Amino acid sequence: MLLENLKPNEKTAPKELLQLFKKAGAHAKAIAQSSVDRPKRANGVTYNAINLVMNDSQSITLRVKQTGDIYQVLLNGKILAIKNQDDVKSAAVEVINAWQKNANKFQVALTRKKVALPKGIKSTRKTLIEKLQERNAELKQLVRDRETQLGIELTV
């Protein structure tokens, strides 16, 4: 099999798998990041997780059994049903098609998510405008005070 003897690697997934995804329809720069996790065991099945982050921020996790067969596929954390789990090439085609089909829905979901302000930003545009208007009013008051002070001194 193509995916037998997977070794944990934080930097990249096997080259054969990445080439297989490119042949299945993913363009050259589609996979932004990849890694292979340590073997895990769930529901009586030992598997390695191959994590792929695509260029549009979608994540694909392939859970591969010790025999090299794809046991489960997660697209953005949700289980994706695939028909040809024993055939790695056709499974890759199914995964790429599902990824491309989900692209628009994923982008819409990203735009709806509320993003927290970074720690360095403490004020919003509205509060910044209010502060500047208050400072402007203070400066105008100081100018008026100086004018009255000068007016008094000139008449003396």
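For the structure itself, look to the data block above.
Residues numbered from 1 in each chain as written. Predicted model: local features only at pLDDT ≥ 70, side-chain atom pairs only at ≥ 80, totals over all residues. Heavy atoms only, no water.

Enquirer: What exactly am I supposed to notice about the overall build of the chain here?
Expert: Helix and strand counts for the chain stand at three helices and six strands. The 156 residues of the chain split such that 30% are buried. For the chain, contacts bridging at least 24 residues in sequence account for 40% of all contacts bridging at least 6. With the model as given, the accessible surface of the chain reaches about 11,600 Å², and the carbon-plus-sulfur share is 53%. (Helix = DSSP H or I, 4+ residues; strand = E, 2+ residues; numbered from the N terminus. Buried < 20%, exposed > 50% of the residue type's maximum accessible area, 1.4 Å probe, protein only. Contact = heavy atoms within 4.5 Å. Areas by Shrake-Rupley, 256 points an atom, 1.4 Å probe, with all protein chains shown as cover.)

Enquirer: Help me out: how do you make sense of the nonpolar core in this one?
Expert: Within soluble globular proteins, side chains that are nonpolar generally end up buried alongside one another. Core analysis: the biggest nonpolar cluster contains 26 residues, and Phe21, Leu52, Met54, Ile60, Leu62 and Trp99 have the highest contact counts within it. Of all the elements, helix α2 (residues 88–112) adds the most residues to this core, at seven residues. (Core = buried A, V, L, I, M, F, W, Y, C linked by side-chain atoms within 4.5 Å.)

Enquirer: How should I be thinking about the pattern of salt bridges in this particular structure?
Expert: A side chain with one charge can pair with a side chain of the opposite charge if their charged atoms come near. In the structure shown here, the tally under the stated rule is one salt bridge. For glutamate 138, the salt bridge identified is with arginine 135, shortest N-O distance 3.5 Å. Within this pair, glutamate 138 and its partner arginine 135 are both found in helix α3 (residues 125–155), separated by three residues, close to a single helical turn. (Salt bridge = Lys/Arg side-chain N within 4 Å of Asp/Glu carboxyl O.)

Enquirer: It is not clear to me how α2 should be interpreted in this structure. Could you clarify?
Expert: One full turn of an α-helix is made of 3.6 residues, so residues set three or four places apart face in the same direction. Given a rise of 1.5 Å per residue, 25 residues ought to cover 36 Å, and the 35 Å separating the end C-alpha atoms of α2 matches this to within 8%. The principal kink in α2, of about 45°, is found at alanine 103. Where α2 is concerned, the buried positions are Val88, Ser90, Ala91, Ala92, Val95, Ile96, Ala98, Trp99, Asn102, Ala103 and Phe106. Turning to α2, the residues buried within the fold contact α1 (15–24), β3 (45–54), β4 (59–65), β5 (70–75) and β6 (78–80). (Expected span 1.5 Å × (residues − 1). Bend = angle between axes of the 7 residues up to and from the residue.)

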